[in-house]
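Here are the chains, one letter per residue:
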Amino acid sequence: MMTLGRLMVGCCVLFLHLEWYVRDVNGGSLKFKALNLFPESFDWDPVHDRMLLSSAAKGTISELDTGSDTVKEFVRDEELAGKVASGGMIVDSRRNRVVHALQDLVGWRFGGVAAYDLDTGRRLFFARLDNVGVVEGELSCANDVAVDFKTGNAYVTNCRGSFLWKVTEEGTPSVFVKDESFTSQPSLFEAPWCSFNGIVHDQNKYLLAVQTNSGALFRVDVDDRSVHLVAMEERLPGADGMVLRDDGALVVVSSRKVWLVRSTSNWIDANIVDAIPLNPSDYSTGAALKGQSTFIVHAHLADMFANRTREEFELQEIRFPSEVMENNHPTLLIVLVVLVVVIVLLWRLKMGKLYDQNLRKRA
């Protein structure tokens with residue numbers, strides 16, 4: 001019969017394997033300090049080995065050295081900094097630029113999209129959008145941006161007017177598509193005015209754009225501008241930023257949870273295959289890739305809206321439980337085997353004590 005010491009060793013092995021599994025599901029994080037930065041969006045710059053962070057409070061772009069967790073200002077456009085909020089951003093390394101959306105969060109009367117050189121931070125263009133396709137008296141908000149890396153065209157969501165803009169590589173803006181289906185979706189979120197938010201470009205020449213209020217996901221063909229409401233059994237209310245992974249899966253983040261969405265029909269229909277709950281007080285807003293890792297940003301915008309000072313923010317790596325289990329099936333099998341062995345040993349130990357007690361009584 002195994003000794004109690006060996007039994008304890010087995011329990012320790014089991015504990016270590018389970019601890020590793022929990023850590024693998026939770027992923028890592030990049031915590032950093034930047035007074036009142038409130039980074040609404042971010043993206044990885046592989047050329048310069050850094051994360052670029054937008055600022056909803058300052059209208060600037062900062063860079064995070066992931067090796068030292070230090071943050072310094074990269075772009076401060078004097079015409080815009082301090083007057084607008086920086087929204088969604090994307091690094092276009094093919095053209096050595098970063099493109100990001102800008103908006104006036106107070107009056108919703110001014111906004112656009114700007115591009116800056118990745119080496120120098122020099123402005124390449126600023127395209128105003130609040131006067132493009134916006135009827136006098138209406139409000140608009142340039143929220144998020146996607147780039148077609150082949151053509152250089154940028155596509156921008158309007159979260160107040162429920163349509164999409166297009167901005168050419170040279171900075172010429174136009175209305176890309178308006179559609180009745182954009183404004184006919186029932187609101188499922190407490191901010192009914194916040195329509196289109198996250199947007200991504202797929203290499204198969206279409207856009208995926210999501211609405212915060214309705215949770216509806218749309219596929220828009222880049223060539224013919226046809227619009228298709230992606231059929232889903234469950235919608236994505238509160239959806240904010242999105243990122244399309246190399247394997248074709250879509251990661252969608254909200255302040256309450258982050259979803260993993262897959263489609264086998266080129267986004268004619270799709271399914272939520274996994275979800276991770278988030279702390280609403282973190283006010284998570286954006287997602288980006290660094291290599292094969294997916295990160296989300298905890299922007300803490302509630303503190304900004306309440307005029308509270310905040311210094312610490314976080315980029316959290318997201319690993320969905322279903323994928324961790326799939327990728328680590330052999331390890332999990334070992335954990336289960338160890339668990340069975342421990343249970344058997346505990347049973348044998350208990351039976352051994354009962355047997356000894358019975359012998360003593362007979363003696």
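Structural data are supplied above this passage.
Okay, so let's go over this structure. From a predicted model like this one, the values you see are computed outputs, not experimental measurements.

### Description of the side chain of Asp77
Part 1 of the reasoning: One can find Asp77 in the loop between β5 (70-75) and β6 (85-92).
Part 2 of the reasoning: The class of Asp77 is buried, set by a relative accessible area of 11%.
Part 3 of the reasoning: At a separation of 2.8 Å, a polar atom in the side chain of Asp77 contacts the side chain of Arg123.
Part 4 of the reasoning: In contact with Asp77, not counting residues within four places along its chain, are Tyr116 and Arg123.

### Thoughts on the sheet that holds strand β2 (residues 42-45)
Sheet strands associate in pairs through backbone hydrogen bonding, adopting either a parallel or an antiparallel arrangement.
Part 1 of the reasoning: Strand order across the open sheet formed by four strands is β2-β3-β4-β5, with antiparallel pairing between neighbours. Each edge of the sheet is formed by a strand with only one pairing partner; in this case those strands are β2 and β5. On average, adjacent strands in this sheet sit at an angle of 30° to one another, irrespective of strand direction.
Part 2 of the reasoning: Bridge count between strand β4 (residues 61-65) and β5: five bridges; the pairing is antiparallel. The partner of Asp65 across the bridge, within β5, is Thr70.

### With respect to the nonpolar core
Part 1 of the reasoning: If you look at the biggest cluster of nonpolar residues, it comprises 19 residues, and the most contacted ones within it are Phe32, Phe42, Met51, Leu53 and Leu315.
Part 2 of the reasoning: Elements that contribute at least two residues to this core include exactly β1 (29-33), β2, β3 (50-54), β23 (293-298), α3 (301-305) and β24 (312-318).
Part 3 of the reasoning: Ignoring anything within four residues of it in the chain, the contact list for Leu315 reads Gly28, Ser29, Leu30, Phe32, Phe42, Met51, Leu53, Leu64, Phe295, Ile296 and Val297.
Part 4 of the reasoning: With 18 residues, the next largest nonpolar core counts Ala101, Val132, Ala154 and Val156 among its residues.

### Here we look at the layout of surface pockets
Part 1 of the reasoning: Of the voids in this model, the second largest pocket is the one considered here, and its volume is about 560 Å³.
Part 2 of the reasoning: Around the second largest pocket, the lining comprises 31 residues; the ones closest to its centre are Trp193, Cys194, Asp240, Tyr283 and Leu301.
Part 3 of the reasoning: Every element with two or more residues in the lining of the second largest pocket is listed here: β6, β22 (284-290) and α3.
Part 4 of the reasoning: Looking at the lining of the second largest pocket residue by residue, the classes come out as 16 nonpolar, eleven polar and four charged.

### Some words on the sheet that holds β24
Part 1 of the reasoning: Read across the open sheet, the four strands follow the order β1-β24-β23-β22; overall the sheet is antiparallel. Edge positions in the sheet fall to β1 and β22, since each has one partner strand and no second. Each strand of the sheet is rotated relative to its neighbour by a mean of 20°, with strand direction disregarded.
Part 2 of the reasoning: Where β1 lies against β24, five bridges are found, and the strand directions are antiparallel. Across the sheet, the residue bridging to Lys33 is Glu312, located in β24.

The rules behind the values
Residues numbered from 1 in each chain as written. Predicted model: local features only at pLDDT ≥ 70, side-chain atom pairs only at ≥ 80, totals over all residues. Heavy atoms only, no water. Helix = DSSP H or I, 4+ residues; strand = E, 2+ residues; numbered from the N terminus. Buried < 20%, exposed > 50% of the residue type's maximum accessible area, 1.4 Å probe, protein only. Polar contact = N/O pair within 3.5 Å; in protein donor to acceptor, adjacent residues only side chain to side chain. Contact = heavy atoms within 4.5 Å. Pairing = 2+ DSSP bridges. Axes fitted to C-alpha atoms, helices over the stretch in contact; angles between N-to-C directions. Core = buried A, V, L, I, M, F, W, Y, C linked by side-chain atoms within 4.5 Å. 1 Å grid on protein atoms, 1.4 Å probe; cavity = no way out; pocket = protein on both sides within 12 Å on 5 of 7 lines; lining within 4 Å. Points joined across faces, edges and corners; volume = space filled by probe spheres on them. Nonpolar A, V, L, I, M, F, W, Y, C, P; charged D, E, K, R; others polar.

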